[in-house]
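One-letter residues, chain by chain:
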Amino acid sequence: MSQAIAKKRLDYQAPNYLINEVDLVIELDPTDTIITSTLKCETSPHAISSNAGVASEQDLILDGEDLKLISVFLNGSAFTNYRIEEGKLVIPQAELAQLTDFTLQIKNSVDPINNGSLEGLYLSNEAYCTQCEAEGFRKITYFLDRPDVLSVYTVTIIAEKAAFPHVLSNGNLVEERDLADGKKLVKWHDPFKKPCYLFALVAGNFDKLSDSFTTMSGRQIQLELFVDKGKASQGHHALASLKKAMKWDEDVFGLEYDLDIYMVVAVDFFNMGAMENKGLNVFNSKFVLADSNTATDDDFFNIESIIGHEYFHNWTGNRVTCRDWFQLSLKEGLTVFRDQQFSADMFSYLATRISQVKVMREHQFAEDAGPMSHPIRPDEVIEMNNFYTVTVYDKGAEVIRMLHTLLTADGFRRGMDLYFERHDGQAVTCDDFVNAMQDANEVNLDHFKLWYSQSGTPRVKVESGLESGSKELNFTQRTNPTADQADKRALYLPIKVECLERSGRKIDLNLNNDTFVLDKANASVTVPSEDFVPVLLSDFSAPVILDYPYSLEDYLLIMTFSSSDYSKWDASQALYSSLISELYHNESVELSTSVWGKLEAALRQACNNYELLNEMLTIPSVESLTQGFEFSEPLKLSAARSAFLVQMQENLQDFLLEIMANTAQKSYEYTKVQVNERRVLSAVLQLLSYSKTPEMAAQLEKRFNSADNMTDKLTMLKASQICSVELFEKLMLSFESEYLENAVVMDKWFALHATTKSNDILSKLTLLASHRQFNLRNPNKVRSLVGSFAFYNTDGFHAIDGSGYQFLTDYLLELDPINPQIAARLVTPLIQYKKFAKSHQEMMVMQLKRLLNRANLSKDLYEKVSKSLTS
Ligand code: TRP
Ligand code: ZN
């Protein structure tokens, strides 16, 4: 595999040449789009050694992939002394020897309709669209495709006038006129220097929603949202969210938008959630389109957060960008943190924080424990697309959050201000960011920086010295070796601590902000009490696994008396996990009735707080439970979880019915109060469904038929999936006929089918893959059907005969040649085989070997699969 060579962070070298201006002329055609690229180049100061003359000492090597070269001109003259090496265009140094600056004109063509990778320029649903991050620009034209080459772009697009009413690129529209043969010419200019990964082009026939925003300095910004024809009414929430995000960034960080126009386009074919191209965001349509009939409360929440995320990138990512892709967390960790703060302010701190902690515990901890473990700033990469990970994004955001906790909101703001003052218009590193935080606050963050280079999840073991009468809490931290790194050091950890007396009274510990900083392997805190229960890691103040020998009574005490709603929720989850673990080890155990009575009492305390109650009524997923075991038997764990839910339903039935009776159906509005009521109802109905009675089924059917919104409909479908197979199938048929034409809604339908417990799940999946709304080339469909199955259908995927693993592998072999980026995302549950019992491991390894033996396996899959088999 000659192409699978790892790049190393420490091998970074500044570019030999700079490209200051880019002029692109793009003549759109489905199979033969012609790109003429005129580059104003300059020999970079870095390329000149001290005793040399003026010119570069190295060849100019322009990246290129799947391009057809037509011609090259150097300073206006036809030029033929180039070489093509592994797709790259090489201009020999000798040809540039006398030049400090020069103009290179390159003409090439690409084939958008046959581009299934959804990188570079592609044509789908009759619209042209580009995706250049991370290294997709090289699939459009020959270029220095690296984020530290910044240029001013002018883009001219020629397209058929009738088919493409909207032809867009970055920046400001400077010209639009008709040409002969029913074509037109549209020209855009972006005055801000940017790396090529932020370039974008979109051409299609859309509905347009317009609005405007007046910035804090009084400038009026035009806002435009483009969606598929007929869907304009589903764009209002996204547009309102955009205005909120613009205002929030001004209020909280003093950051104002810079161009005169901000455009967002929604497309159905997209590899990720959305992309922050300068002035022209491209979104997966599922993160734009929403109304009460088609979107759930969660969809409304996610849209606001992703609209915010991409908008916030304008400063954290675009104005200040990354020097190289190893620094990806510089923009992603920081921007995820910013979008979380935004969601907390707009919607709710507790719900936002809990959903984030679930991502960490279910997915990031698993990544750190598996073969792809890497620090938030990776050291070695084969395929960059494989490093858009929960580690870089979500653990990256946790690291920024710790800085925010340690420096306080004011100190953090001072650091941000200094960061922009120093680096606006530059491509920088994670160290540059931390240095700005450090210098603005006159603190030393050298030890803290270890978070950027050390992978793995630290375990913090806490013991109370009560047995030895010492009145102390002793902390020990340890990080196990990971697949990528053997030696680990003690990290700088802020741990929020509260101590409660048995009476529930809070004990004063004399800690700054209730936070104890553990900056070495061991340390302790004195507690002035004879008997206490510690409440640890409140707000998930550091991304660690906490280990303290709590009793059931301790959990119940915290659920009742902690001053933090977050900690009450966290204790409920730990309590459920320990009870499920009892059932895992002994199937026939009947949990003692006294537990249920006490649990009910604790839950009743939260009845005046539906936000907390709905979270406490949600039982940890199998995926998060799996993290608590060394070698889990997935089928046994799934059975133990179900057994727990059955007992919980039996013992808490009256209480649950009482809540159900107290929630009235209201006409749908996306407000915090209504969302929390719907969530409580959803949790209660799902729990009650474990009774599997005809009465419950009838109740669900009635509620499904009278629901006026997508949230409640989905609740009833999920509950019926638990309650009765016949009802589930019946409601799913009715849902299908109602939403058959709505691609985004049908994704939910595919996902529900894929997570059904059923002995013939594989034949169902095969049938669904031939459904007329299914399309192997559309990542949303693939994620809904195959992704939901592999990630969330424990019983099907981990079937005892290995058929689930085989099914996924067959599918990946088909997908890889079309869209390797998505294939590599879906292989994740398979490469994390080491969490599972031996018999499962063997069957999973067998499928991984099948993948590795495939000729022409993509770099994407090769990197993950080969690592999983060698580590
Ligand atoms: N930068 C995008 C974000 O906001 C991520 C992204 C979108 C992406 N599309 C992509 C990354 C395609 C790699 C490939 O997080
Ligand atoms: Zn991002």
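Residues numbered from 1 in each chain as written. Chains lettered and ligands numbered in written order. Predicted model: local features only at pLDDT ≥ 70, side-chain atom pairs only at ≥ 80, totals over all residues. Heavy atoms only, no water.

If you look the protein chain up in an unreviewed UniProt entry, it shows as Aminopeptidase N from Glaciecola nitratireducens. In its Cofactor (unreviewed entry) section, UniProt records this for the protein chain: "Zn(2+)". The Sequence similarities (unreviewed entry) comment attached to the protein chain in UniProt states, word for word, "Belongs to the peptidase M1 family." (UniProt positions renumbered as here; feature names shortened; annotations may be inferred.)

*Asks:* Hey, could you go over the environment of K358 for me, with residue numbers and the actual values?
*Replies:* The residue K358 is located in helix α5 (residues 349-369) in this model. Overall, the relative accessible area of 28% leaves K358 in the partly exposed class. In contact with K358, not counting residues within four places along its chain, are H363, W569, E615 and T618. (Helix = DSSP H or I, 4+ residues; strand = E, 2+ residues; numbered from the N terminus. Buried < 20%, exposed > 50% of the residue type's maximum accessible area, 1.4 Å probe, protein only. Contact = heavy atoms within 4.5 Å.)

*Asks:* So what's going on with the site of ligand 1? Which residues, and what values?
*Replies:* Near ligand 1 lie 16 residues; those nearest to it are E133, A274, E276, E310 and Y393. E310 places a polar side-chain atom, nitrogen or oxygen, 2.9 Å from an oxygen atom of ligand 1. At a separation of 3.5 Å, a nitrogen atom of ligand 1 approaches a polar side-chain atom of K331. For ligand 1, whose unbound accessible area comes to 370 Å², protein coverage reaches 97%. Considering only residue class, the shell around ligand 1 consists of 6 nonpolar, 5 polar and 5 charged. (Near = heavy atom within 4 Å. Polar contact = N/O pair within 3.5 Å; in protein donor to acceptor, adjacent residues only side chain to side chain. Areas by Shrake-Rupley, 256 points an atom, 1.4 Å probe, with all protein chains shown as cover. Nonpolar A, V, L, I, M, F, W, Y, C, P; charged D, E, K, R; others polar.)

*Asks:* Which residues make up the coordination of the zinc ion (ligand 2), and what are the values?
*Replies:* Coordination of the zinc ion (ligand 2) by the protein is provided by H309 (NE2), H313 (NE2), E332 (OE) and E332 (OE), with metal-donor distances spanning 1.9 to 2.7 Å. If you look at the zinc ion (ligand 2), its 6 donor atoms make angles of 48 to 160 degrees with each other, and the shape they trace is irregular. Along the chain, the residues donating to the zinc ion (ligand 2) fall in the pattern H-x3-H-x18-E. For the pair formed by H309 and H313, the shared burial category is buried. (Donors = N, O, S within 2.8 Å, 3.2 Å for Na, K, Ca; no water. Tetrahedral: all angles 85-135°; square planar, octahedral: opposite > 155°, others 65-115°.)

*Asks:* Which residues make up unusual backbone geometry, and what are the values?
*Replies:* For the peptide bond that leads from E133 to A134, omega is 0 degrees, which places it in the cis range. Considering the arrangement of structural elements, one finds A134 in the loop between β11 (127-131) and β12 (151-160). Even without being glycine, D181 reaches a positive phi, approximately 60 degrees. Within the element layout of this structure, D181 appears in the loop between β14 (172-178) and β15 (183-194). Residue classification places D181 among the exposed residues on the basis of a relative accessible area of 74%.

*Asks:* Outline the side chain of Q340, supporting the account with residue identities and numerical values.
*Replies:* Looking at where Q340 falls in the secondary structure, it is placed in helix α4 (residues 328-346). Dropping the residues within four chain positions of it, Q340 is found in contact with T352, R353, Q356, A397 and R401.

*Asks:* Could you give an account of the pattern of salt bridges, with specific residues and numbers?
*Replies:* Overall, the coordinates contain 59 salt bridges when judged by the stated rule. Two residues, K278 and D258, come together in a salt bridge whose shortest N-O distance is 2.7 Å. Residue K278 is located in the loop between β20 (274-275) and β21 (280-284), and its partner D258 is located in the loop between α2 (236-253) and β19 (261-267); the two are separated by 20 residues in the primary sequence. Considered together, K278 and D258 belong to a single accessibility category, that of buried residues. With a closest N to O distance of 2.8 Å, R678 and D297 form a salt bridge. Of the two residues, R678 is situated in helix α16 (residues 672-688) and D297 in helix α3 (residues 297-312); the sequence distance between them amounts to 381 residues. One salt-bridge network, in which partners are shared between bridges, spans K7, D63, K88, E135, R138 and D145. (Salt bridge = Lys/Arg side-chain N within 4 Å of Asp/Glu carboxyl O.)

*Asks:* Give a detailed account of the packing of helix α20 (residues 743-754) against helix α22 (residues 779-792), specifying residues and quantitative values.
*Replies:* In contact at an axis separation of 8 Å, α20 and α22 are set at 15 degrees when each is read in the N-to-C sense. Judged by the inter-axis angle, α20 sits roughly parallel to α22. In terms of crossing hand, the pair formed by α20 and α22 is right-handed. Packed against α20, whose contacting residues are A743, M746, D747, F750, A751 and A754, the element α22 presents N780, K781, S784, L785, S788 and F789 at the interface. Here the contact of α20 with α22 is composed, by residue class, of 7 nonpolar, 3 polar and 2 charged. (Axes fitted to C-alpha atoms, helices over the stretch in contact; angles between N-to-C directions. Parallel < 35°, antiparallel > 145°, perpendicular 65-115°, else oblique. Left-handed = near helix turned anticlockwise from the far one by under 90°.)

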